[in-house]
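A structural walkthrough
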Amino acid sequence: MGKKIKKGKEGPVKEYTSRTKALKKLQVNLKDFRRLCILKGIYPREPPQKLRKQHKTYYHNKDIAFLKNESILDTFRQRQAHLKKIRKALTRGDKLKAGRLRRNQPKDKLDHLVKERYPTFIDALNDLDDPLCLISLFASFPTHKELHIPNTLIRSCQKLINQFLLYVSAHNCLRKVFLSIKGIYYQAIVQGATITWIMPYPIQASLPLDVDYKIMMTFLEFYQVLMKFVNFKLLGQEIEITDFSEEVKKLKSISQNNQMEIDEAFKEDPTIQQMDQQQQEIKKYSELFKGLTFFLYPEVPKSSLEFVILSFGGEVRWENDNKNSSSTDPKITHVITERNVQKNKKREYIQPQWVYDSINQLKLLSVSDYAPESTLPPHLSPFEQLNLEEVQSESDEEDGQQKEHKPYQNNKKQKEKQAKQQEKETKKLAETMLSRKNKRLYDMIKRKEDEEKQKKNKLQEKKKMIQSKQQ
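A brief structural summary. (Residues numbered from 1 in each chain as written. Predicted model: local features only at pLDDT ≥ 70, side-chain atom pairs only at ≥ 80, totals over all residues. Heavy atoms only, no water.)

**What to know about a negative patch on the surface**
As a reminder, the rule being used: Patch membership requires more than 30% relative accessible area and the absence of a salt bridge. Residues of like charge join within 9 Å; the nonpolar side chains Val, Leu, Ile, Met, Phe, Trp and Tyr join within 5 Å. Using a 1.4 Å probe, the Shrake-Rupley method yields the accessible areas, and only the shown protein chains count as cover for residues. For this analysis, a salt bridge means a side-chain nitrogen from Lys or Arg found within 4 Å of a carboxyl oxygen belonging to Asp or Glu. Positive charges come from Lys and Arg, negative ones from Asp and Glu, while His and the chain ends are left out of the count. Just so you know, the charge point we use is NZ for Lys, CZ for Arg, CG for Asp and CD for Glu. Counting from the N terminus, the helices are the DSSP runs of H or I reaching at least four residues and the strands are the DSSP runs of E reaching at least two. Only protein chains enter the accessibility calculation, which uses a 1.4 Å probe; a residue whose area is less than 20% of its type maximum is buried, one above 50% is exposed, and one in between is partly exposed.
A cluster of acidic side chains, namely Glu449, Asp450, Glu451 and Glu452, defines a negative patch on the protein surface. Looking at the element boundaries, Glu449 is found in helix H17 (residues 436–470). On the accessibility criterion, Glu449 (45% relative accessible area) is partly exposed.

**Description of the sheet that holds strand S7 (residues 315–318)**
Applied cut-off: Criterion used throughout: strands pair if DSSP finds at least two bridges between them. Axis definition: a line fitted to C-alpha atoms, limited for helices to the stretch in contact. Angles are taken between N-to-C directions and run from 0 to 180 degrees.
Here four strands make up an open sheet; going across it, the order is S7-S6-S8-S9 and the pairing parallel. The open sheet has two free edges, formed respectively by S7 and strand S9 (348–350), since each of these has just one partner strand. Ignoring strand direction, the axes of neighbouring strands in this sheet form an average angle of 25°. Pairing between strand S8 (residues 334–336) and S9: three bridges, direction parallel. The residue of S9 that forms the bridge with Ile336 is Ile350.

**As for the sheet that holds strand S3 (residues 174–179)**
With respect to topology, three strands assemble into an open sheet ordered S3-S4-S5, the strand pairing being antiparallel. Single-partner strands in this sheet number two, and they are S3 and strand S5 (193–199). Recorded for the sheet is a direction-independent mean angle of 15° between the axes of neighbouring strands. The pairing of strand S4 (residues 184–190) with S5 spans seven bridges and is antiparallel. The residue of S5 that forms the bridge with Val190 is Ala193.

**Side note on the packing of aromatic side chains**
Defined as follows: The pairing test for Phe, Tyr and Trp rings, Trp by its six-membered ring, is centres within 6.5 Å, and the orientation test on the planes gives stacked under 30 degrees, edge-to-face over 60, and tilted for anything in between. Criterion for a charge above a ring: Arg CZ or Lys NZ at most 6 Å from the ring centre, at most 35 degrees from the ring normal.
In this structure the tally under the stated criterion is 17 aromatic pairs. Between Phe294 and Trp354, the ring centres sit 6.3 Å apart and the planes meet at 45°, which makes this aromatic pair tilted. On the criterion of sequence distance, the pair formed by Phe294 in strand S6 (residues 293–296) and Trp354 in helix H14 (residues 353–361) is long-range, its members being 60 residues apart. Of the residues examined, Phe294 reaches a relative accessible area of 0% and is grouped as buried. The exposure class assigned to Trp354 is buried, which follows from its relative accessible area of 1%. Through pairs of rings, three or more aromatic residues link up here, namely Tyr285, Phe289, Phe294, Phe312 and Trp354. Positioned over the ring face of Tyr285 is Arg175, at 4.0 Å from the centre of the ring. The ring of Trp318 is capped by Lys302, whose NZ or CZ atom sits 4.2 Å from the centre of that ring.

**A look at the layout of surface pockets**
Under the convention used in this document: The rule is simple: put a 1 Å grid over the protein atoms alone, call a set of points where a 1.4 Å probe fits but cannot get out a cavity, call an open set with protein on both sides within 12 Å along at least five of seven lines a pocket, and count a residue as lining if it has an atom within 4 Å of a point. Grid points are joined across faces, edges and corners, and a volume is the space filled by probe spheres set on the points. Put simply, Ala, Val, Leu, Ile, Met, Phe, Trp, Tyr, Cys and Pro go in the nonpolar bin, Asp, Glu, Lys and Arg in the charged bin, and everything else, Gly too, in the polar bin.
Considering only enclosed or pocket space, the second largest pocket measures out at about 1200 Å³ in volume. In terms of lining, the second largest pocket is formed by 29 residues, of which the most central are Lys31, Arg35, Arg79, Thr218 and Glu221. Every element with two or more residues in the lining of the second largest pocket is listed here: helix H2 (30–40), helix H4 (72–92), helix H5 (95–103) and helix H10 (213–235). The biggest single contributor to the lining of the second largest pocket is H10, with six residues. Each residue belonging to the lining of the second largest pocket can be placed in one class, and the counts come to 11 nonpolar, five polar and 13 charged.

**Brief notes about the packing of helix H9 (residues 151–170) against H10**
Selection rule: Each crossing gets its handedness from the near helix: less than a right angle anticlockwise from the far helix is left-handed, clockwise is right-handed. The contact definition used throughout considers only heavy atoms, calling two residues in contact when any of these lie within 4.5 Å.
The interhelical angle for the contact between H9 and H10, taken along N-to-C directions, is 35°, at an axis separation of 10 Å. Considering how the two elements wind past one another, H9 and H10 form a crossing that is left-handed. Residues Leu153, Ser156, Cys157, Leu160, Gln163, Phe164 and Tyr167 of H9 form the contact with H10, whose own contacting residues are Met217, Leu220, Gln224, Met227, Lys228, Asn231, Leu234 and Leu235. For the contact of H9 with H10, the residue count by class is 10 nonpolar, four polar and one charged.

**Focus on helix H3 (residues 61–68)**
Put simply, the test is: Here, the arc refers to the directions that run from the helix axis to the C-beta atoms.
Inspection of H3 places Asp63, Ile64 and Leu67 among the buried residues, and these make up the whole buried set. In a view along the axis of H3, the buried residues occupy a sector of 100°, so they form one face of it. For H3, the secondary structure elements touched by its buried residues are strand S1 (16–18), helix H1 (19–26), H2, strand S2 (58–60) and H4.

**Overview of the pattern of salt bridges**
Tallying each qualifying case throughout the model produces nine salt bridges. Close ionic contact of Arg35 with Asp108 constitutes a salt bridge, the shortest N to O distance being 2.5 Å. A residue pair is termed long-range when its members are at least 10 positions apart, and Arg35 in helix H2 and Asp108 in the loop between H5 and helix H6 (111–117) qualify at 73 residues. Each member of the pair Arg35 and Asp108 is classed as buried. Here the salt bridges do not stand alone but share partners, grouping Arg35, Arg79, Asp108 and Glu221 into one network.

**So, H14**
Note: α-helices contain 3.6 residues per turn, so residues at a spacing of three or four share the same orientation. Judged by how many residues are buried, H14 sits mostly within the fold: seven of nine residues are covered. Turning to H14, its buried residues number three or more, namely Gln353, Trp354, Val355, Tyr356, Asp357, Ser358 and Ile359. Considering only its buried residues, H14 is in contact with S3, S6, helix H13 (302–311), S8 and S9. In the segment just after H14, Leu362 is the residue with positive phi, at about 55°.

**Some words on unusual backbone geometry**
Of note in the backbone geometry, His148 takes a positive phi value of approximately 60° without being a glycine. In this structure, His148 sits in the loop between helix H8 (129–139) and H9.

**Looking at the nonpolar core**
Applied cut-off: By convention a nonpolar core is built from buried Ala, Val, Leu, Ile, Met, Phe, Trp, Tyr and Cys residues, the set being connected through side-chain atoms within 4.5 Å.
Counting 92 residues, the largest nonpolar core has Phe33, Phe164, Val190, Phe289 and Val355 as the members making the most contacts within it. With residues near it in sequence (within four places) discarded, Val355 still touches Phe289, Phe294, Leu305, Val308, Ile309 and Ile336. In terms of nonpolar packing, the next biggest core, distinct from the first, is built from six residues, Phe295, Tyr297, Val341 and Tyr349 among them.

**Re the pairing of S6**
Counted only if it meets this: When the strands point away from the viewer and the path from the first strand over the helix to the second turns clockwise, the crossover is right-handed.
Residues Thr293 and Phe295 point to one face of S6 and Phe294 and Leu296 to the other, with burial holding for every one of them. Pairing between S6 and S7: four bridges, direction parallel. Of the residues in S7, the one forming a bridge with Phe294 is Val316. With H13 bridging S6 and the parallel S7, this β-α-β connection has right-handed handedness.

Below, the structure written as structure tokens:
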């Protein structure tokens, strides 16, 4: 007879630990533990049913062992010791010493975490969607003292996002744009990695107080370091952007000078043929707005249109810009405005949607549909592969079916469908509102019902087989 194994000593239960045990192991408070998990990319795990308890979060033992040897834990402990020194100085009334200690607080170094989480540059590019979304969100925020959002943080976010947009527009990486209620969606292909992110509209945001900004700031702290690495790797240097269009022109001229001429002997190589195909695809996107100069009126989104038009080979101008251009410039071919203005016969007057729709369809659309103060055509999402022609054909088919059948029959069918959909939705809502215990019971009842149905079907099949044999 072997030794009896005690409950919770071996097996899958031993692989998980609760959050309270993890805090005791690491000897940190809950605030620092959350911050450490966000920076290291560790998330709670769902344990087996034996270990599950209400209002408890569990982590994998391997993840906690991985956190034990982290150098950031030392900085947390140094910071706690530093805070004790500040409290002592304040109790003694030495304000000068307390101020000096506050200025020289120990700071976290997150450079090693970027290398640890992203061993290759392509891994970093593939995981760049969330960092771009959060950095662009904070770049649009106003300063707020109560929520600890300083002006320096907003400026650094603006700088990082502008540097990335500079690379995308200079190397013609942008592929899709979509205007939604939430903001403007962009999709770019940077060195083979597809990156999709959303940028808010240039409207001053009102910050809700019920959101936990501290967790967002910890994510932002890591994302800023990651974006600095990515931007430096892409651009090769830190660029301070004063004039966006001028910097794009500089980068384009540098990339054209650095292009290598391929010898005719190596042209049949498959890798070089792939490179040629890629260059031809990039040419399609870079020459969409070639030879066109757009003049922007103040009511249109200037920053978005500038980024989009420059990335597709066009030129952008507006009043009181760095080039001192005006609306009377003879080089201007298109004027983007949302209101009626004095028209010039040599120019085309359009709304901003024309630019985005022509990018998504990769061709210059007719200008008559996008005239100022006119009803615009539907702005379809390029991420869902639907064309205007398909939508129109579907609507025509539906109209033809309605003409064939009687109207009251169609109304009845529609009402029945709507009632069935409502029943399904109410059932799903009721299932989501159930507690864990009640959900288990509900699942058990469902299983039993399914088993009974299967038994009935088997018996009916047997009955049919016997009847067929007797005949």
